[in-house]
Amino acid sequence: MRYRVSIVTIAVVALCGYSLRCSAQQLRADNIDEVVKAMTLEEKCHLVLGCGMHFNDDAKFPGTAGSTYAIPRLGIPATYCADSQQGLRMSATRAWDHNDYYPTDFVASMTLASTWDREAAFRVGQGIGNEVREFGLDWILSPAMNLIRNPLCGRNHEYYSEDPYLSGTIAAGYVRGVQSEGTAACPKHFVANNQETNRNNNISQVSQRALREIYLRAFEIMVKESDPWTIMTSYNKLNGPYALQNRDLLTTIVRDEWGWKGMYVSDWNAGDDAVAAMLAGNDMLQPGQDKQYQAIFEAAQNGTLPVEVLDANVKRILEYVVKTHNFKGYKYDNNPDLKAHAQTVREVGGEGIVLLSNNGILPLTGKRVALFGCTSYDWISGGSGFGGTSVGHYTVSLVEGLRAADYEVYKPLIGVYTQHLAAEEKRLFPTGRPPFSITPPARADEKQFTAEELHAAVEGSDVAIISLGRKSGEAADRSEADFYLKEGEKQLIKAVSDAYHAKGKKVVALLDICSPIDVASWQGQVDAVVCTWQGGQESGFAVADVLSGSVNPSGKLPMTFPVNYGDAYADKNFPANVDDKTLGAMFMWGYDKDSAPKERQPQKDIDFTNYEEDIYVGYRYFDSFGKPVAYPFGFGLSYTTFSYTDAACSVDGDTYTVSVKVTNTGSRAGRNVVELFVAAPNSKKLNKPVKELRNYAKTRLLQPGESQTVTMKVKTSDLASFNEKASAWKTDAGRYDFLICSSASQVEAKVSANVKSWTHKVHNVMQPNVKLQLLRR
Ligand code: BGC
């Protein structure tokens, strides 16, 4: 309807004002104000809305998320956007076109965060930004960077870390990479969108302090380090109103306090009040609905939406438009350097692999490997939903990767698993798989083996590799049961390990997972555990690179692996066991408050989620409350060893520079991540975490015996906590410990410095509208 109105309007304008139109302003970077003045109210109302989703074959870029409204008479072109943080998501084939369009399937965000390498994040962002441009689009709807508050959130594979500094800096590297190609980045989902269950309607109830120190902090670091051209607001409500309809959040904090000048876009069909979103400063609503057009138009006419507010939104949209490839008339050729990007995927994929345990078996010396576990033959390269790249793109399998690295893969198991997976496919999808599912499709149950089959495999191989897989996706959270191994997985690990160990042979477990799972209960049965995460299209190569030792692992966990689900305080307030997995998918139909369930009482963790753990998310909780973990935040082994010497701290004004000499003391070349945590004096009295990550650095590849001195800066303001009573950031004066760590549980060196007090007052906004029972130390 909106589009019909627009055609009529344009036709009328065309007939009545031909000469006027010929002389109309044509958009340039330096005449945006004049163009805004030259726009009709109708045009403004169209521009603040998207133009529908581009799923169909007849779209210019089929399978992409949408576009912006074109106004040819003013020289305003359409611009085009697509998901995702793992690569450009669009249909690989097009009607009446014999070419195919396969962008690169880069690595999952969790893999990228595990590199602890800002440069790797830049490379991935640059590759994606380049493909967006070369395939004709303008704007990538990523990075997704919500905090990992709970291991079961369905979109964790799209997110980076439980720590705001790591999340913010990796996201910043990615954004800088995307935008270095002239492509717009769109960090999302702003903010406190940490569950998928009832995601369009849930209220996150978060203290001002946790918001400022944890959830907003990740975005603040990213905004200040990378200045994204756009930000996507989230589906959820936050302390009352929808995030996208909250002016205190979008304008007071981000624009007024942080100084960000870019364009906000809503998540797709988010919110329930288009006028409130405009008033809040949410410039564009995607993919755009007729009723939103009507509401904005009427409000602008009757003055409830002041014209200056609408104009400000329009102006920010045009400021984005003039930077885009389509505005600049870029001639794309659908021919990015896919080979170079595949190499990036392999290298970054390898760098993001985390070696969790190694009882002398890795790197593999035996050349004959037997692969167990369905995932070994059904490798997962990333999650499902709009966070994944095009369906049908290739993934280098584990078998292919190992063979390319000269391993002999035990053949009988290939045949057995091929049959088993085919039978499971029929059982799970009797009428065939749905062509696209945003929630993860069911995975095969494990096959069990007879003693004879196992005996033959032990004889025919030097080592067993068991792969465990977990796939997550949009619109549904994982359930608690998914954290633990299934009975079939447990039986398989036991049977294979017993059989191999009986003959003095070893067993390696690979975790091809989207988020933490239980490892504590079974890892003693195997000789090495490698968390491969999900490494995109080249994963088979990247895993083989690490297993063979041609790449020495240097990845570190971006989140804690708990012993049990429920150990973290945040788990008490999370929908871990909600059966109705459809609750997250309301957006598919365009969320509308009239269609919300009316008669039921608001339910905890579904309709509202109280963030009672407050600032104690992830290691901040485990560390400060002395709780055991399976693997701490920041953990990861190498095939070599490193020493940390000559730690020092120098002070220059408000900046502390910590340096340490890292030496490769082992016999293999390797890179090492140095993690800088800071412990404040009197942390318990001040209700502060025991220590917090304030910076990190990664060495270059160090040869055996080689050293590198790394330096990391911390400002007095980085050490501040948010004081709710004073509505201010405050750093207390005192002697602070700068802890150089190899994980949150392992301090390698320590230096201390006196810090002067510092205070910075901000607006007293975003209070929760309920009383929260917050955890305190
Ligand atoms: C997701 C966004 C995505 C958008 C457009 C939404 O469902 O939450 O992350 O960018 O769809 O596809």
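The numbers attached to residues start from 1 for each chain and follow its sequence in the written order. At least 70 in pLDDT is required for a residue's local features to be given in this predicted model, at least 80 for side-chain atom pairs to be given and counted, and no such filter applies to totals for whole chains, interfaces and linings, which use all residues. Excluding hydrogens and water, the side-chain values take into account all heavy atoms of the structure.

With that out of the way, let us pick up the pattern of salt bridges. By salt bridge we mean one thing: a side-chain nitrogen of Lys or Arg within 4 Å of a carboxyl oxygen of Asp or Glu. Counted by the stated rule, this structure contains 42 salt bridges. A salt bridge links Arg620 to Asp163, with the nearest nitrogen and oxygen atoms 2.8 Å apart. Of this pair, Arg620 sits in helix α22 (residues 619-624) while Asp163 sits in the loop between β5 (139-140) and α7 (164-180), and the two are 457 residues apart along the sequence. Accessibility assignment for this pair places Arg620 and Asp163 in one class, buried. As a salt-bridge pair, Glu474 and Arg199 come within 3.1 Å of each other at their nearest N and O atoms. With a gap of 275 residues between them, Glu474 in the loop between β13 (463-469) and α19 (480-483) and Arg199 in the loop between α7 and β6 (203-205) connect regions that are remote in the sequence. Within this structure, Arg155, Glu158, Glu196, Arg199 and Glu474 form a network of salt bridges that share partners. Numbering of helices and strands starts at the N terminus; helices are DSSP runs of H or I of at least 4 residues and strands are runs of E of at least 2. Relative accessibility under 20% of the residue-type maximum defines a buried residue, over 50% an exposed one, and the middle range a partly exposed one, all with a 1.4 Å probe and only protein chains included.

Bringing the site of the ligand into the picture now. Of all residues adjacent to the ligand, which total 14 residues, the nearest are Asp83, Arg155, His189, Asp267 and Glu474. Within 3.5 Å is the distance limit for a polar contact, defined as a pair of N or O atoms, with the added protein rule that one can donate a hydrogen and the other accept it, and that residues adjacent in sequence qualify only through two side-chain atoms. Residue Lys188 places a side-chain N or O atom 2.9 Å away from an oxygen atom belonging to the ligand. Contact between the ligand and Tyr235: an oxygen atom at 3.0 Å from a side-chain N or O atom of the residue. Its free accessible area being 310 Å², the ligand has 100% of it covered by the protein chains. We call Asp, Glu, Lys and Arg charged. Ala, Val, Leu, Ile, Met, Phe, Trp, Tyr, Cys and Pro are nonpolar, and the rest, Gly among them, are polar. Classifying every residue of the shell around the ligand by side-chain character gives seven nonpolar, one polar and six charged. For this purpose, a residue is taken to be near a molecule or strand whenever a single non-hydrogen atom of the residue falls within 4 Å of it. Surface accessibility follows the Shrake-Rupley procedure with a 1.4 Å probe radius. Residue values consider only the protein chains on display as shielding.

Another aspect to go through is the nonpolar core. Core analysis: the largest hydrophobic core is formed by 79 residues, its most contacted members being Leu112, Leu137, Phe190, Tyr215, Leu249 and Leu693. For this core, the element with the highest residue contribution is helix α8 (residues 208-226), accounting for ten residues. Within this scheme, the nonpolar core is defined by two criteria: the residues are buried Ala, Val, Leu, Ile, Met, Phe, Trp, Tyr or Cys, and they are joined through side-chain atoms within 4.5 Å. Counting 76 residues, the second largest nonpolar core, distinct from the first, contains Phe483, Val508, Ile517 and Leu557.

The next thing to look at is the packing of aromatic side chains. In this analysis, rings of Phe, Tyr and Trp, with Trp reduced to its six-membered ring, are considered paired at centre separations within 6.5 Å, and the interplanar angle assigns stacked below 30 degrees, edge-to-face beyond 60, and tilted for intermediate values. Within the structure shown, the criterion is met by 29 aromatic pairs. Aromatic side chains Phe61 and Tyr80 sit 4.9 Å apart centroid to centroid with 75° between the ring planes, which places their arrangement in the edge-to-face category. In this pair, Phe61 sits in the loop between α4 (41-47) and β1 (66-67) while Tyr80 sits in strand β2 (residues 80-82), placing the two residues 19 residues apart along the sequence. Given a relative accessible area of 1%, Phe61 falls into the buried group. Given a relative accessible area of 12%, Tyr80 falls into the buried group. Geometrically, the ring pair formed by Trp533 and Phe561 is edge-to-face, given 6.0 Å between the ring centres and 65° between the ring planes. Taken as a pair, Trp533 in the loop between β15 (528-531) and α21 (539-548) and Phe561 in strand β16 (residues 561-562) lie far apart in primary sequence, 28 residues in all. Judged on exposure class, the residue Trp533 and its partner Phe561 are both buried.

Our next topic: the state of the cysteines. The definition used for a disulfide is geometric: two cysteine sulfur atoms within 2.5 Å. Within the structure shown, the criterion is met by zero disulfides. The structure places no disulfide on Cys45, whose sulfur is separated from the nearest cysteine sulfur, that of Cys51, by 13 Å. Counting only cysteine sulfurs, Cys81 is the nearest neighbor of Cys186, a cysteine outside any disulfide, at a range of 8.1 Å. Using a relative accessible area of 0% as the deciding quantity, one classes Cys186 as buried.

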